[in-house]
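Descriptive analysis of the structure
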Amino acid sequence: MKVTPWEVSGQIDYDKLIKEFGVEKIDDKLLSRIKKHTGDLHVFLRRKLFFAHRDMNWLLDEYERGNKFYLYTGRGPSEGMHLGHLIPFMFTKWLQDKFDVPLYIQLTDDEKFLVKDKLTLKDTHRMAYENALDVVAVGFKPGKTFIFSDLDYSKTLYNNALLVAKKLNLSTAKAVFGITNEDNVGKIFFASMQSVPAFLPSIEAGRNIPCLIPHGIDQDPYFRVTRDILPKLGFYKPASIQSQFLPPLTGVEGKMSASQHESAIYLTDDEKIVANKIRKYAFSGGQPTIQEHREKGGNPDIDVSFIWLKMIFEESDEKLKKIHDDYKSGKMLTSELKEILIEKINKFLIEHRKNREKVKLDKFLLKD
Ligand code: TYM
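Anyway, here's the lowdown on the structure attached to this text. Note that the coordinates shown come from a computational prediction; the quantities given were computed from them, not determined experimentally.

We now examine the layout of surface pockets. Considered as a void within the structure, the second largest pocket measures approximately 610 Å³ in volume. Taken together, 22 residues form the lining of the second largest pocket, with M90, I312, F313, E315 and F348 sitting closest to its centre. Among the elements of the structure, α3 (43–46), α5 (83–99), α15 (304–313) and α17 (334–358) are those that each provide at least two residues to the lining of the second largest pocket.

Written out as structure tokens, the structure reads:
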């Protein structure tokens, strides 16, 4: 298993990651505490897709004392977004709606230029604005949501990144990110850029404001560094909440990744492409023949179509249980399970693209 901000591969053992990264598992006690404020629990929390956190209890202590937090999350714009990228944004929208708090969204066009050999600054800058449309289409509140390209907000960010960079030494960067002598120096400095939105609103307000960062677990190394350095600069450590990865279509190992086209569903994939990809590539827990499937049944635990329904697309616990039981008993065939998923994804994507058309980005953008 390998989990870094730039590479995720192998069979992911989330319990092992909790220990290695030093995050805390989300337990029932924390879930009830969240529910006290939100009234209900998002399906991502109920199904433990968001599985770990740092300092959520502190954040809620502060909130209960009247010290409201803000949210911060982001996207590295290297190409078109896929379904996995939307997970943290969908969850962040729910948090924003429930707690009625501001949100800062960083688009790291600088990072993607530094880590992707073939991309120019022009490419990543253009993708930042393409991706911004998809992000805002998730339904964030104008006036409370601020989105920026690092390149276009660089004066503000750079002035503050310097504060972090001065406290980040090479041995920490090597240990936390697995940086080697062959890596470019930009990658090391960039870690400071991703820390800035975790304290920028505090600088602007002239007082410390708690910050909560929802993200996929691969981004945690950045925030480990941020949490280490911010108190040295007089700011709070940000709290964070981590999600597991939506697995690739082709199997349960690694994460859905933009670099493997057949394993990802892109937000631009039309109905036909979605149906073809799922019919052709979705890893199945079914048996090789219909007869065998009817006799022995399928294995939902390794079946990617079932896992995707469980993670995102089937919110009803009752319906999910029926699909699970029917598939396991052999009553439901792999082809039938796949059709359920195809319909759900297409409905979701059609709605998403309609919302994307309506986005007025100017209402959300921060620039220098
Ligand atoms: P990026 O563009 O790699 O990913 C954007 C967000 O999506 C999460 N993610 C996934 N979640 C579930 N399943 C998947 N298959 C999957 N693939 C990606 C990532 O963990 C991330 O939360 N450096 C960042 C951009 C960034 C950022 C942030 C992210 C800047 N500031 C603050 C989170 C919070 C990046 O390249 O993300």
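Moving on, we get to the packing of aromatic side chains. For any pair of aromatic rings, the description consists of the separation of the ring centres together with the inter-plane angle of the planes. Tallied over the entire structure, the rule returns 20 aromatic pairs. Summarising the aromatic geometry, the rings of Y70 and Y104 are spaced 5.5 Å apart at their centres and angled 80 degrees between planes, so their arrangement reads as edge-to-face. One end of the pair, Y70, is in strand β5 (residues 70–75); the other, Y104, is in strand β6 (residues 103–107), and 34 residues separate them in sequence. For Y70, a relative accessible area of 3% puts it in the buried group. The cationic tip of K187 hangs over the ring face of W6; the distance from NZ or CZ to the ring centre is 4.5 Å. One residue, R224, lies across the ring of F21, its end atom 4.5 Å from the ring centre.

Moving on, we come to the sheet that holds β6. The strand order across the open sheet built from 7 strands is β3-β4-β9-β8-β5-β6-β7, with neighbouring strands paired in mixed fashion. The sheet is open, and its two borders are formed by β3 (24–25) and β7 (145–149), each paired with just one other strand. Note: β6 against β7, 5 bridges, orientation parallel. Paired with Q106 across the two strands is F148, which belongs to β7. The strands that helix α7 (residues 121–136) touches are β5, β6 and β7; relative to β7, the one it contacts most, it runs at about 160 degrees.

Here we take up the packing of helix α2 (residues 28–38) against α5. Where α2 contacts α5, the axes come no closer than 9 Å and their chain directions differ by 55 degrees. As judged from the angle between their axes, α2 and α5 are oblique. Residue-level contacts link I34, H37 and T38 of α2 to W94, K98 and F99 of α5. Looking at the contact of α2 with α5 residue by residue, the classes come out as 3 nonpolar, 2 polar and 1 charged.

Counting residues in hydrophobic clusters, the biggest one holds 73 residues, and the most contacted among them are L45, L83, W308 and I345. Top contributing element to this core by residue count: α5, with 9 residues. The contacts of W308, once residues within four sequence positions are left out, are L83, L246, P247, P248, L249, M256, I265, F313, L341 and I345. Counting 30 residues, the second-largest nonpolar core is a separate cluster that includes I188, F190, I229 and F235.

This brings us to the environment of D27. Turning to its location among the elements, D27 is positioned in the loop between β3 and α2. Overall, D27 belongs to the partly exposed group, its relative accessible area being 41%. Sequence separation between D27 and D117 is 90 residues; the distance between their C-alpha atoms is 41 Å. There is a polar contact of 2.9 Å between the side chain of D27 and the backbone nitrogen of L30.

With that settled, consider the pattern of salt bridges. If you walk through the whole model with that rule in mind, you get 26 salt bridges. One salt bridge in this structure joins R46 and D317, with 2.8 Å as the shortest N-O distance. Here the residue R46 occupies a position in helix α3, and D317 occupies one in helix α16 (residues 317–329), the gap between them amounting to 271 residues. On the basis of relative accessibility, which here comes to 36%, the residue R46 falls in the partly exposed class. Close ionic contact of E130 with R356 constitutes a salt bridge, the shortest N to O distance being 3.1 Å. Placement of the pair is E130 in helix α7 and R356 in helix α17, with a sequence separation of 226 residues. With relative accessibility at 34%, the residue E130 sits in the partly exposed group. Judged by its relative accessible area of 23%, R356 is partly exposed. A network of salt bridges, in which partner residues are shared, links R33, K36, D61 and E64.

What follows concerns the site of the ligand. Inspection of the region around the ligand gives 25 residues, with R75, G76, E111, D218 and L246 positioned closest. R75 has a polar side-chain atom sitting 2.7 Å from an oxygen atom of the ligand. The separation between an oxygen atom of the ligand and a polar main-chain atom of G76 is 2.8 Å. Protein chains bury 99% of the 690 Å² of accessible surface belonging to the ligand in isolation. Where the shell around the ligand is concerned, the elements lending two or more residues are β5, α5, α6 (109–115), β8 (211–216) and α12 (220–229). Here the shell around the ligand is built from residues that sort into 8 nonpolar, 12 polar and 5 charged.

Definitions and limits used
- Residues numbered from 1 in each chain as written.
- Predicted model: local features only at pLDDT ≥ 70, side-chain atom pairs only at ≥ 80, totals over all residues.
- Heavy atoms only, no water.
- 1 Å grid on protein atoms, 1.4 Å probe; cavity = no way out; pocket = protein on both sides within 12 Å on 5 of 7 lines; lining within 4 Å.
- Points joined across faces, edges and corners; volume = space filled by probe spheres on them.
- Helix = DSSP H or I, 4+ residues; strand = E, 2+ residues; numbered from the N terminus.
- Phe/Tyr/Trp six-rings, centres within 6.5 Å; stacked < 30°, edge-to-face > 60°.
- Buried < 20%, exposed > 50% of the residue type's maximum accessible area, 1.4 Å probe, protein only.
- Lys NZ or Arg CZ within 6 Å of the ring centre and 35° of its normal.
- Pairing = 2+ DSSP bridges.
- Contact = heavy atoms within 4.5 Å.
- Axes fitted to C-alpha atoms, helices over the stretch in contact; angles between N-to-C directions.
- Parallel < 35°, antiparallel > 145°, perpendicular 65-115°, else oblique.
- Nonpolar A, V, L, I, M, F, W, Y, C, P; charged D, E, K, R; others polar.
- Core = buried A, V, L, I, M, F, W, Y, C linked by side-chain atoms within 4.5 Å.
- Polar contact = N/O pair within 3.5 Å; in protein donor to acceptor, adjacent residues only side chain to side chain.
- Salt bridge = Lys/Arg side-chain N within 4 Å of Asp/Glu carboxyl O.
- Near = heavy atom within 4 Å.
- Areas by Shrake-Rupley, 256 points an atom, 1.4 Å probe, with all protein chains shown as cover.

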